[in-house]
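This is what each chain is made of:
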Amino acid sequence: MQLAPLKQEERITALDSLRGFALLGIFLVNMLSFHSPYFYYDPFEWWKEAENFWHYRWIDILVQASFYPLFAMMFGFGTAMQRENAMKRGQSFTPIGIRRFSFLLLIGILHAFLIWPGDILINYAIFGFLLLLFLRLSGKILIIIGSALLLLPNLFFGILFIMMAAVDPTSAVHWTDIASIENSIAAYGSGTFAEITKQRAADWLAGNEPGVFWVQLVAIFPHFLIGAGAQKLNLFKKGQERPAAAFAAFVTFFATGVILKALPYVIEPNLAYVYIQDSIGGPLLAVSYAALVIGLSSMKRTGALLKPFAAAGRMSLTNYLLQSVIGTLIFYHYGLGLYGQIKLSTGVWLAVAIFAAQVLLSEFWLSKFKRGPMEALWRKVTYRLQREEKQVNTKGG
């Protein structure tokens, strides 16, 4: 079948659809920690009841650790695109990037300590500053460096953990922090706003202590580089022009990713196989999803199926923050106080329903405005600061 080349507007819609698709996957996983102390329990034991375990298993294999890499790739892709646009205007992107990531860091801090401790924006901002040092490199080099940073450390540690588990099985057993679970349930389920804020800070610090920084570096930053490299090599456009190759990549990466993601269920649910599942299987599945969306977006009929995700993707920052606000209002004590009181299946359907409402709300908002509210504020802060700096420099000169 001969395919007509996609217009630039259609390509941007496809990119937004990919962001929206990733946003849904992230929400399905985040919902676990909105309604339960996910940071502290062994999920294989916590959700062992048949219905809950079935839902946890498909989330764990198909969603968990597969959509934040996809979103991180899109973050790197978008940053490289913004740099390219700045260069076309004859501007240096580094000052713009510093302002953008500084604002994102501020939003992340407010989000983490006043709304939800599972925030990812702080990490994105910090690694965004680091990304600025690499954007001058070619697309090929960016993908090579990103792939090496992703695969080599994770393969090394994955093999090391398997060997440790073979020698001492107790070293790879899932742990459950009973005291932290009780503190979470007490604070989020029945605590005051001050007590909840204190618990948020404790949860964020537990997941972001200095030793964890290096784990986050190899888990997030390589995807920034891969996404930026994909933009420079125009892989999105090339994939749309060759949908057969995109679908072949989907099948290959999906099959490999699912096999690795299923290891804890096929062999043993210990920390060694969970590490391989998340650190290697997750990113491979993310690439497969990107290839699938790229292939589908090249076809008129199937591409139309992706459009509901596009509006949500255009407002990804707004919708990400709104998901946290809604989630905490439903489950924390200052809202409906349902923390720890629902089945996993209920949480899944709740996430799907909320995301569907976000799609409708996003489409309505974008019919009135060019950007989402947080996206507009982000842009306004970035470029207002730029104008003010120019004015100061002009007066000083």
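Residues numbered from 1 in each chain as written. Predicted model: local features only at pLDDT ≥ 70, side-chain atom pairs only at ≥ 80, totals over all residues. Heavy atoms only, no water.

Draft legend 1. Local environment of the overall build of the chain. A count of helical and extended segments in the chain gives 19 helices and zero strands. Its C-alpha atoms give the chain a radius of gyration of 21 Å, near enough to 21 Å, the size a compact globule of 397 residues would have. If one aligns the C-alpha atoms of the chain with their principal axes, the spans along those axes are about 60 × 50 × 40 Å. Buried positions account for 50% of the 397 residues belonging to the chain. Element-wise, carbon and sulfur atoms account for 68% of the exposed surface of the chain, whose accessible area totals about 19,200 Å². Across the chain, the mean location of the 33 positive side-chain charges is 18 Å away from that of the 23 negative side-chain charges. (Helix = DSSP H or I, 4+ residues; strand = E, 2+ residues; numbered from the N terminus. Rg over C-alpha atoms; globule rule 2.2 N^0.38 Å. Buried < 20%, exposed > 50% of the residue type's maximum accessible area, 1.4 Å probe, protein only. Areas by Shrake-Rupley, 256 points an atom, 1.4 Å probe, with all protein chains shown as cover. Lys, Arg positive; Asp, Glu negative; His and termini not counted. Charge placed at Lys NZ, Arg CZ, Asp CG, Glu CD.)

Draft legend 2. Just a positive patch on the surface, in detail. There is a patch of like positive charges on the surface, built from Arg-89, Arg-314, Lys-370, Arg-371 and Arg-379. Checked against the element boundaries, Arg-89 lands in the loop between helix H4 (67-88) and helix H5 (93-114). Judged by its relative accessible area of 48%, Arg-89 is partly exposed. (Patch = residues over 30% accessible without salt bridge, like charges linked within 9 Å, V, L, I, M, F, W, Y side chains within 5 Å. Salt bridge = Lys/Arg side-chain N within 4 Å of Asp/Glu carboxyl O.)

Draft legend 3. Structural view of the packing of aromatic side chains. Applying the stated criterion across every chain yields a total of 38 aromatic pairs. Residues Phe-21 and Phe-309 carry aromatic rings whose centres are separated by 5.8 Å and whose planes lie at 85° to one another, so their mutual orientation is edge-to-face. Here Phe-21, found in helix H1 (residues 8-35), pairs with Phe-309, found in helix H16 (residues 307-314); they are 288 residues apart in sequence, far enough to count as distant. Among the aromatic side chains, those forming a connected cluster through ring pairs are Phe-71, Phe-75, Phe-101, Tyr-124, Phe-127, Phe-129, Phe-134, Phe-213, Trp-214, Phe-221 and Phe-224. Over the aromatic face of Trp-378 sits the side chain of Arg-100, whose NZ or CZ is 4.0 Å from the ring centroid. (Phe/Tyr/Trp six-rings, centres within 6.5 Å; stacked < 30°, edge-to-face > 60°. Lys NZ or Arg CZ within 6 Å of the ring centre and 35° of its normal.)

Draft legend 4. Seen up close, the environment of Ala-186. Its place among the elements puts Ala-186 in helix H8 (residues 178-190). Taking C-alpha positions, Ala-186 is 31 Å from Leu-104, a pair spaced 82 residues apart along the chain.

Draft legend 5. Fine view of the packing of H16 against helix H18 (residues 344-368). One can describe the packing of H16 onto H18 by two numbers: an axis separation of 8 Å at closest approach and a directional angle of 70°. Here H16 is positioned roughly perpendicular relative to H18, judged by the angle of their axes. Here Pro-308, Phe-309, Ala-311, Ala-312 and Arg-314 of H16 come into contact with H18, specifically with Phe-355, Val-359, Ser-362, Glu-363 and Leu-366. Taken together, the residues that form the contact of H16 with H18 break down as seven nonpolar, one polar and two charged. (Axes fitted to C-alpha atoms, helices over the stretch in contact; angles between N-to-C directions. Parallel < 35°, antiparallel > 145°, perpendicular 65-115°, else oblique. Contact = heavy atoms within 4.5 Å. Nonpolar A, V, L, I, M, F, W, Y, C, P; charged D, E, K, R; others polar.)

Draft legend 6. A look at the layout of surface pockets. Of the volumes computed, that of the second largest pocket is approximately 730 Å³. Forming the walls of the second largest pocket are 29 residues, and the residues nearest its centre are Ile-226, Ala-230, Leu-235, Val-287 and Ala-290. Those elements giving two or more residues to the lining of the second largest pocket turn out to be H1, H4, helix H7 (139-167), helix H10 (210-232), helix H11 (235-241), helix H12 (243-261) and helix H14 (271-297). Element by element, the count of residues in the lining of the second largest pocket is highest for H14, at seven residues. (1 Å grid on protein atoms, 1.4 Å probe; cavity = no way out; pocket = protein on both sides within 12 Å on 5 of 7 lines; lining within 4 Å. Points joined across faces, edges and corners; volume = space filled by probe spheres on them.)

Draft legend 7. Structural context of H18. Between its first and last C-alpha, H18 extends 36 Å over 25 residues, near the 36 Å set by a 1.5 Å rise per residue. Those residues of H18 that sit buried are Leu-344, Ser-345, Gly-347, Val-348, Ala-351, Ile-354, Phe-355, Gln-358, Val-359, Ser-362 and Leu-366. (Expected span 1.5 Å × (residues − 1).)

Draft legend 8. A look at the side chain of Ser-33. Of note, Ser-33 is situated in helix H1. The contacts of Ser-33, once residues within four sequence positions are left out, are Tyr-38, Phe-39, Trp-116 and Tyr-339.

Draft legend 9. How the structure looks around the environment of Phe-161. One can find Phe-161 in helix H7. Look at Phe-161 and you get partly exposed, because its relative accessible area is 27%. Here the alpha-carbon distance between Phe-161 and Val-218, two residues 57 residues apart in the chain, equals 16 Å. Those residues in contact with Phe-161 that lie beyond four places of it in its chain are Ala-272 and Tyr-275.

Draft legend 10. Representation of empty space enclosed by the protein within the structure. As enumerated under the stated definition, the model contains two cavities of 30 Å³ or more in all. The computed volume of the largest cavity comes to approximately 50 Å³. Together, 13 residues line the largest cavity, and Ser-33, Phe-39, Tyr-188, Asp-203 and Tyr-339 are the ones closest to its centre. Split into classes, the residues belonging to the lining of the largest cavity amount to nine nonpolar, three polar and one charged. Space inside the second largest cavity adds up to approximately 30 Å³. Residue lining of the second largest cavity: Leu-28, Met-31, Leu-32, His-35, Leu-344, Gly-347, Val-348 and Ala-351, and that is the complete set. Elements that contribute at least two residues to the lining of the second largest cavity include exactly H1 and H18. For the lining of the second largest cavity, the class distribution of residues is six nonpolar, two polar and no charged.

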